[in-house]
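Coordinate inspection notes
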Amino acid sequence: MLNSNPGIVKGRFWREGEAFIWLSSIGVGMILLIIGTLLFVIVKNGFVAFWPHSLALVETNSGEYYLGEIKQTTLHPHTGEERIQLKVGNRELYSLDFKWIQSKTISRITYPKEAVAIERTEYGNFYGFIQGYQSPLTGAEPVQGPNVLERIEPSFTEEVQVLARLNEEIKSVAVEMESLRRKILKAQYEGENHAAIEAEQRVLREHFDLLLEAQGKQHTVLSQYQVLLRDAEGTTKTLPLSHVVRQYQPNQMGLFAKLSHYLAHLWELFFDEPRESNTEGGLFPAIIGTVMLVLTMSLFSFPMGVVAAVYMKEYASPGFLLQTIRIAVNNLAGIPSIVWGIFGLSFFIYTIGSGIDQIFYPEQLPTPTFGTGGILWASLTLALLTVPVVIVATEEALGGVPSDVRHGSLALGATKFQTLMKVTLPMASPRIITGFILAMSRAAGEVAPLMITGVVKLAPALPIDGTFPFIHLERKFMHLGFHIYDVGFQSPNVEAAKPMVFVTTLLLLSIVILLSSTSIILRNKIRKRYQAKAF
Amino acid sequence: MNPTDFESVISVKELDFFYGQSQALFDINMEVPKHQVTAFIGPSGCGKSTFLRCFNRMNDLVGDVSITGSLILDDYIDINHKDQDPIQLRRRIGMIFQKSNPFPKSIYENVVYGLRIAGQGKKSVLNEVVETSLKKAALWDEVKDRLHTSAMGLSGGQMQRLCIARAIAVNPEILLMDEPCSALDPKSTARIEELILDLRGDYTIIIVTHNMQQASRVSDYTAFFFEGKLIEFGETGQIFTKPSLKQTEDYITGRFG
Ligand SMILES: Nc1ncnc2c1ncn2[C@@H]1O[C@H](COP(=O)(O)OP(=O)(O)OP(=O)(O)O)[C@@H](O)[C@H]1O
Ligand SMILES: [Mg+2]
């Protein structure tokens with residue numbers, strides 16, 4: 001009998017808290033499950049977004065043809081009949097990107113090798129077949145054949161480059177003209193003579209007009225390069241080659257071709273501008289905006305938080321006032337972020353920003369320079385939002401430094417400040433950095449306060465570029481978090497934008513992970529250096 | 001009661017000490033003999049540490065304390081005067097704590113810490129001080145090959161000797177030791193005791209200890225405290241062999257405390 005053994009104790013389950021251990025592990029398991037599912041959905045959808053899908057040619061009993069990517073096969077929620085969702089693209093022809101087709105009406109599905117998918121600058125993807133090409137080289141009539149594209153491509157690329165150079169020049173002249181305009185405004189405001197500047201402006205304007213004319217001509221030249229297309233039903237249309245971003249024939253691509261297509265897409269994602277009201281193209285401006293926002297925020301929030309915490313913990317005499325301040329700081333972290341946004345708008349933008357405009361840019365008014373949303377004000381707002389996190393973490397970290405070590409330093413004749421700089425802060429730094437990580441993650445994920453302090457769906461210029469003074473903190477900016485909201489909920493074609501939402505989410509997540517893992521590595525390095533071995 | 005056949009370095013006069021409202025030291029008067037080892041003994045809670053911390057103003061860090069009377073260093077420096085800079089004082093009066101407290105830095109950086117904060121940055125000076133201090137602290141041979149590794153990798157006894165080396169690196173005149181061996185094994189304790197005997201001629205040492213044998217082995221003079229009062233102070237030999245008060249004798253022979 002087991003029970004006769006005096007070493008066996010009954011009721012372990014309750015007495016030793018095994019029930020509690022079970023409960024805790026279930027809790028942890030549930031959290032892991034939720035996080036895991038979320039990550040899985042984002043990663044899966046984000047990663048497959050750019051994989052070239054095969055193009056299915058669906059033939060119905062009634063003799064209709066559809067060409068597109070099969071997205072899903074489901075049962076109709078009411079009738080219970082099986083149906084497939086086909087992404088048919090060709091928005092300018094069908095007005096809808098997606099089509100539901102009942103499975104029982106389908107007579108045949110084939111995957112024609114010559115089916116082509118064309119990514120273009122307008123109207124989303126085109127799915128169909130290439131009929132031929134038209135170009136100044138090949139005469140007025142469209143020509144067919146496998147080598148036509150190769151023949152006309154060199155001269156086409158050349159023309160494209162000519163246009164690119166023209167655009168580049170137009171942009172720089174425009175910048176110059178803008179600075180002249182500001183100079184004139186300033187001269188007018190200060191009542192100085194500005195005839196010389198105006199003369200300069202006239203010369204520049206003539207040059208500008210010439211450039212614009214050349215640009216128009218170049219557009220006409222480019223529009224002579226065309227591709228002749230046919231959709232599944234046989235409708236033909238021509239498309240200027242300059243509208244083609246990328247064309248590929250997924251049904252005859254091998255793994256390697258698909259992979260390089262995928263990588264090209266990734267490259268575009270990281271380093272290109274968005275297209276089609278942000279639902280296609282790259283995220284470059286949003287990535288730059290997000291990273292710069294978080295870094296600028298850190299620049300304000302970290303020093304401010306650490307200094308405040310050091311004062312509260314090391315210098316201020318403990319008492320009712322300090323306790324009140326501490327409680328207040330803790331509660332600041334709980335204020336809804338939109339409230340911070342409103343505060344940022346009214347304090348930073350309307351008060352400080354407008355003040356700056358009145359003092360430094362009076363000639364520009366009523367056009368605001370700093371008195372409107374911008375990356376600086378958004379960063380400051382986020383800094384206020386995250387500073388409580390930094391303060392609390394730093395205070396905890398300072399409290400965790402053993403007093404013997406401080407006393408050891410003081411007993412050697414160190415001042416309080418020297419002790420702080422040489423012993424206390426270095427020893428506290430791993431935990432302070434943990435606070436930084438939390439603050440950064442929080443800041444990177446915030447969207448609401450940005451929406452009223454300067455984020456835009458499409459920024460005309462990056463907050464960092466090659467024109468003096470290189471960093472333009474007054475500029476409006478794009479942001480991945482806002483991009484998710486904008487593309488996912490504000491775009492006219494939500495279904496087509498879905499991949500972009502997942503990709504953007506994945507990217508935002510990766511940036512947060514990248515930023516925080518850098519800090520974690522840094523922290524672990526420091527921790528190893530300052531780890532006090534148990535005595 | 002006070003023997004006066006020695007040169008005094010600090011003279012304590014009518015010292016009273018309060019933690020908030022409660023008095024911890026009562027009317028202490030004594031002379032600290034120069035370049036000798038003085039042991040403070042007495043039952044737990046009698047105020048030895050409190051008294052020791054008065055010498056280098058470490059009680060300033062405690063918060064709500066008040067102190068009356070005077071401690072005069074070298075006949076003219078009033079340690080307790082509110083205008084006396086504790087920083088200057090602590091450079092002349094070093095302290096070793098009960099629990100060794102090396103900084104989480106390299107052995108080398110630990111030793112030169114006091115010099116660096118005093119503004120000494122010359123490599124040659126620092127190198128020399130590291131060697132002499134570690135030699136004096138009888139640690140040199142054990143660590144000379146790993147001066148730039150973390151001090152956190154040393155054993156407890158080595159750490160305590162490192163703290164002693166760190167304290168003597170700034171060349172203080174007086175060393176205060178608060179139960180420096182209480183966390184160490186007999187072998188490390190013996191090494192530290194040897195060290196105290198070696199340092200004796202150059203430094204004035206005050207050591208708080210609960211170990212009667214230790215007090216009799218290392219000290220020249222002994223002060224016995226009880227409930228915040230200095231009961232008896234005299235040459236160690238005399239205190240341990242023929243104390244003039246019954247109370248002292250009872251404590252030393254282990255009848256109470
Ligand atoms: N920070 C403090 N605040 C208030 N009272 C204190 C404080 N530190 C010590 N005391 C009190 O002062 C008295 C003397 O303490 P002290 O630490 O000097 O004794 P001690 O002789 O060093 O004892 P031990 O041998 O145990 O170290 C004790 O009654 C103690 O409770
Ligand atoms: Mg003590």
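**So, the overall build of chain A**
Broken down by element type, chain A carries 15 helices and 13 strands. A compact globule built from 535 residues should have a C-alpha radius of gyration of about 24 Å, whereas chain A, at 31 Å, is more than 25% larger. On the principal axes, the C-alpha backbone points of chain A span a range of 100 × 95 × 40 Å. Split into buried and exposed, the 535 residues of chain A put 42% on the buried side. Pairs at least 24 apart in sequence give 66% of the contacts found in chain A among residues at least 6 apart. A total accessible area of about 28,900 Å² is found for chain A, and carbon and sulfur atoms account for 64% of it. Chain A carries 45 positive and 46 negative side-chain charges, and their two centres are separated by 13 Å.

**Some points on the overall build of chain B**
Counting its secondary structure elements, chain B contains ten helices and ten strands. Scaling as 2.2 N^0.38, a compact globule of 257 residues should have a C-alpha radius of gyration of about 18 Å, and chain B matches this with 18 Å. In chain B, which comprises 257 residues, the proportion classed as buried is 55%. Taking all contacts inside chain B whose residues are at least 6 apart in sequence as the whole, residues at least 24 apart take part in 66%. When the accessible surface of chain B is split by element, carbon and sulfur atoms take 47% of a total near 10,800 Å².

**Section: the interface of chain B and chain A**
A common way to state how big an interface is: give the accessible area lost once the parts meet. Between chain B and chain A, the contact holds 27 residues from the first and 22 residues from the second. Contact with chain A buries surface across chain B, with Pro104, Tyr113 and Ile117 of chain B losing the most and accounting together for 26% of the total. Joining chain B to chain A, the criterion identifies one salt bridge. Across the pair aspartate 404 of chain A and lysine 99 of chain B runs a salt bridge, and its minimum N-O distance is 3.4 Å. Across the contact surface, chain B and chain A share six residue pairs in polar contact (both at pLDDT 80 or more). Top contributing element to the side of chain B that touches chain A by residue count: helix H6 (residues 156-169) of chain B, with four residues. Broken down by class, the residue content of the side of chain B that touches chain A amounts to 16 nonpolar, five polar and six charged.

**Concerning the site of ligand 1**
Residues and elements named next belong to chain B. Near ligand 1, the surroundings consist of Tyr19, Ala24, Ser44, Gly45, Cys46, Gly47, Lys48, Ser49, Thr50, Val62, Glu179 and His210. A distance of 3.0 Å separates an oxygen atom of ligand 1 from a polar backbone atom of glycine 47. In this structure, an oxygen atom belonging to ligand 1 sits 3.3 Å away from a side-chain N or O atom of glutamate 179. Burial of ligand 1 by the protein amounts to 60% of the accessible area it has alone, namely 630 Å². When residues of the shell around ligand 1 are assigned to their parent elements, the largest contribution, three residues, is made by helix H1 (residues 48-55). Residues that form the shell around ligand 1 fall into these classes: four nonpolar, six polar and two charged.

**Remarks on the confidence of the model for chain B**
Looking at chain B as a whole, the pLDDT averages 87, with 97% of positions reaching at least 70. Listed scores for the predicted complex are pTM 0.81 and ipTM 0.90.

**With respect to the packing of aromatic side chains**
All names here are of chain A. In the structure shown here, the tally under the stated rule is 22 aromatic pairs over all chains. Relative to phenylalanine 348, the ring of phenylalanine 343 has its centre 6.2 Å away and its plane inclined at 75 degrees; by these criteria the two rings are edge-to-face. Judged by its relative accessible area of 35%, phenylalanine 343 is partly exposed. Overall, the relative accessible area of 7% leaves phenylalanine 348 in the buried class. With a centroid separation of 6.0 Å and an interplanar angle of 5 degrees, the aromatic rings of phenylalanine 348 and tryptophan 377 are classed as stacked.

**Some points on the layout of surface pockets**
Residue and element names in this part refer to chain A. As a volume, the largest pocket reaches approximately 1,500 Å³. Along its surface, the largest pocket is lined by 44 residues, and Ala461, Asp465, Thr467, His472 and Arg475 are the ones closest to its centre. Of all the elements in the fold, those that place two or more residues in the lining of the largest pocket are helix H4 (148-190) and helix H7 (284-315). When we break the lining of the largest pocket down by domain, the ones giving at least three residues each are domain 2 (137-224) and domain 3 (284-529). Lining of the second largest pocket is provided by 31 residues; of these, Ala49, His53, Glu69, Lys71 and Pro499 occupy positions nearest its centre. For the lining of the second largest pocket, the secondary structure elements donating two or more residues are helix H2 (18-48), strand E2 (65-75), strand E3 (82-87), helix H6 (255-271), strand E13 (280-281) and helix H15 (494-530). Tallying contributions element by element places H15 first for the lining of the second largest pocket, with six residues. Looking at the lining of the second largest pocket, its residues break down into twelve nonpolar, nine polar and ten charged.

How each quantity is defined
- Residues numbered from 1 in each chain as written.
- Chains lettered and ligands numbered in written order.
- Predicted model: local features only at pLDDT ≥ 70, side-chain atom pairs only at ≥ 80, totals over all residues.
- Heavy atoms only, no water.
- Helix = DSSP H or I, 4+ residues; strand = E, 2+ residues; numbered from the N terminus.
- Rg over C-alpha atoms; globule rule 2.2 N^0.38 Å.
- Buried < 20%, exposed > 50% of the residue type's maximum accessible area, 1.4 Å probe, protein only.
- Contact = heavy atoms within 4.5 Å.
- Areas by Shrake-Rupley, 256 points an atom, 1.4 Å probe, with all protein chains shown as cover.
- Lys, Arg positive; Asp, Glu negative; His and termini not counted.
- Charge placed at Lys NZ, Arg CZ, Asp CG, Glu CD.
- Buried area = accessible area lost by both parts, 1.4 Å probe.
- Salt bridge = Lys/Arg side-chain N within 4 Å of Asp/Glu carboxyl O.
- Polar contact = N/O pair within 3.5 Å; in protein donor to acceptor, adjacent residues only side chain to side chain.
- Nonpolar A, V, L, I, M, F, W, Y, C, P; charged D, E, K, R; others polar.
- Near = heavy atom within 4 Å.
- pLDDT = per-residue confidence, 0-100.
- Phe/Tyr/Trp six-rings, centres within 6.5 Å; stacked < 30°, edge-to-face > 60°.
- 1 Å grid on protein atoms, 1.4 Å probe; cavity = no way out; pocket = protein on both sides within 12 Å on 5 of 7 lines; lining within 4 Å.
- Points joined across faces, edges and corners; volume = space filled by probe spheres on them.
- Domains from an automatic or database assignment.

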